[in-house]
Structures are given as structure tokens and as C-alpha cells.
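This is what each chain is made of:
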Amino acid sequence: MSKTEPSVFTRIVAREIPAEIVFESDTVIAIKDIAPKAPVHLLVIPKTQQYRNVAELAAGDPALLADVVAVAQSLADEYTDSEYRLVFNTGESAGQTVFHVHAHVLGGRLTEGSLAE
Ligand code: AMP
């Protein structure tokens, strides 16, 4: 994806493609993952697509990363028993397919093979 092309998540923020939105603020959106790998599988996404991965986000806007983590916790409190995995895939070989930073909030047992391919 070129930097100027909107990511799938930017298009969701713009309501150009549908998604099940579970949280939205000025800076963060959270949706249900379209292909869940666990009983609860949410994505917490900064609205800006300028950071490709969590390390770039941490370096460029640590307060926004803290917001992402806080939103993940509050969604986990709502959707799980507050025990969950928080996953940021980084790089293609680690399974990253969308290069617009996002956190996976995973509650319950993972589907066989997921996050390990
Ligand atoms: P990653 O592989 O870490 O880059 O995560 C991208 C995630 O986005 C995958 O788990 C996909 O299932 C999910 N995804 C892709 N397109 C959509 C969409 N339109 N709505 C919801 N989730 C999506």
C-alpha cells in the first residue's frame, strides 16, 4: 500500500466500508475483527494511518499508544473477564497484513493455528 492510499481502517473511519464499531473517540476507533481468531477479537486502531506499527507509534506519539492500551483494557473489561491478549503484529512474516497500526484484543482460547502462521 502506498502512503497516500487510505488503508482499510481509514476507510472504516470514513464510513466508506462497513464495520461493527464498538468504540470511537476523536483519535481512536475499535471494531470487531472480520475474521475472529478467538471468541472475543477486537481491533483498537488509532485513526491516523501515519504509524505503520507499534514501534513507530511509541516513538512518534506515546500518548496515543497509551490511549490505545487504555481503550483495549476498557473493552476487555466489557467483553471479557478482563484477561486477554494484546497483540501488535509487526511485519509481514509476523502476520501483519494491514500496515496501519492496530492492536488485537483477544479474549478466550485462540483458534488453532492463529497468530502462529
Ligand atoms: P494484521 O494481520 O495484524 O495486520 O491484522 C489485520 C486484521 O484486520 C486481521 O485480523 C483481519 O481479519 C482484520 N480485518 C481486515 N479487514 C477488515 C475489515 N474490513 N473489518 C474488520 N476487520 C478487518
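Here, the structure is the one placed above.
Residues numbered from 1 in each chain as written. Predicted model: local features only at pLDDT ≥ 70, side-chain atom pairs only at ≥ 80, totals over all residues. Heavy atoms only, no water.

Quick one: what's the story with the site of the ligand, residue by residue and with numbers?
Close to the ligand lie 16 residues; Asp33, Asn89, Gly95, Thr97 and His104 are nearest. Asn89 places a polar side-chain atom, nitrogen or oxygen, 2.8 Å from an oxygen atom of the ligand. A distance of 2.7 Å separates an oxygen atom of the ligand from a polar atom in the backbone of Thr97. When the free accessible area of the ligand is taken as 510 Å², the share hidden by the protein chains comes to 85%. Listing elements by their share of the shell around the ligand, those giving two or more residues are helix 1 (8-13) and strand 2 (28-32). (Near = heavy atom within 4 Å. Polar contact = N/O pair within 3.5 Å; in protein donor to acceptor, adjacent residues only side chain to side chain. Areas by Shrake-Rupley, 256 points an atom, 1.4 Å probe, with all protein chains shown as cover. Helix = DSSP H or I, 4+ residues; strand = E, 2+ residues; numbered from the N terminus.)

Outline the pattern of salt bridges, supporting the account with residue identities and numerical values.
Counted by the stated rule, this structure contains 4 salt bridges. Note that Arg15 is salt-bridged to Glu24, the shortest N-O span being 2.7 Å. Here Glu20 makes a salt bridge to Lys32, at a shortest N to O gap of 3.4 Å. Of the two residues, Glu20 is situated in the loop between helix 1 and strand 1 (21-24) and Lys32 in strand 2; the sequence distance between them amounts to 12 residues. Looking at Lys32, the relative accessible area reads 35%, which means it is partly exposed. One continuous salt-bridge network, built from bridges that share partners, spans Arg15, Glu24 and Lys47. (Salt bridge = Lys/Arg side-chain N within 4 Å of Asp/Glu carboxyl O. Buried < 20%, exposed > 50% of the residue type's maximum accessible area, 1.4 Å probe, protein only.)

Give me the lowdown on the nonpolar core, citing residues and values where you can.
Ranked by internal contacts, the top residues of the largest apolar core, which has 18 residues, are Val28, Val44, Leu57, Val68, Leu75 and Val105. Of all the secondary structure elements, the ones that give two or more residues to this core are strand 2, strand 3 (40-46), helix 2 (54-60), helix 3 (62-79) and strand 5 (103-107). Those residues within four positions of Val28 in sequence are excluded, and the remaining contacts are Phe23, Val44, Ile45, Pro46, Lys47, Leu64, Asp67, Val68 and Val71. Counting residues in hydrophobic clusters, the runner-up holds 7 residues, among them Phe9, Ile12, Leu43 and Ile45. (Core = buried A, V, L, I, M, F, W, Y, C linked by side-chain atoms within 4.5 Å. Contact = heavy atoms within 4.5 Å.)

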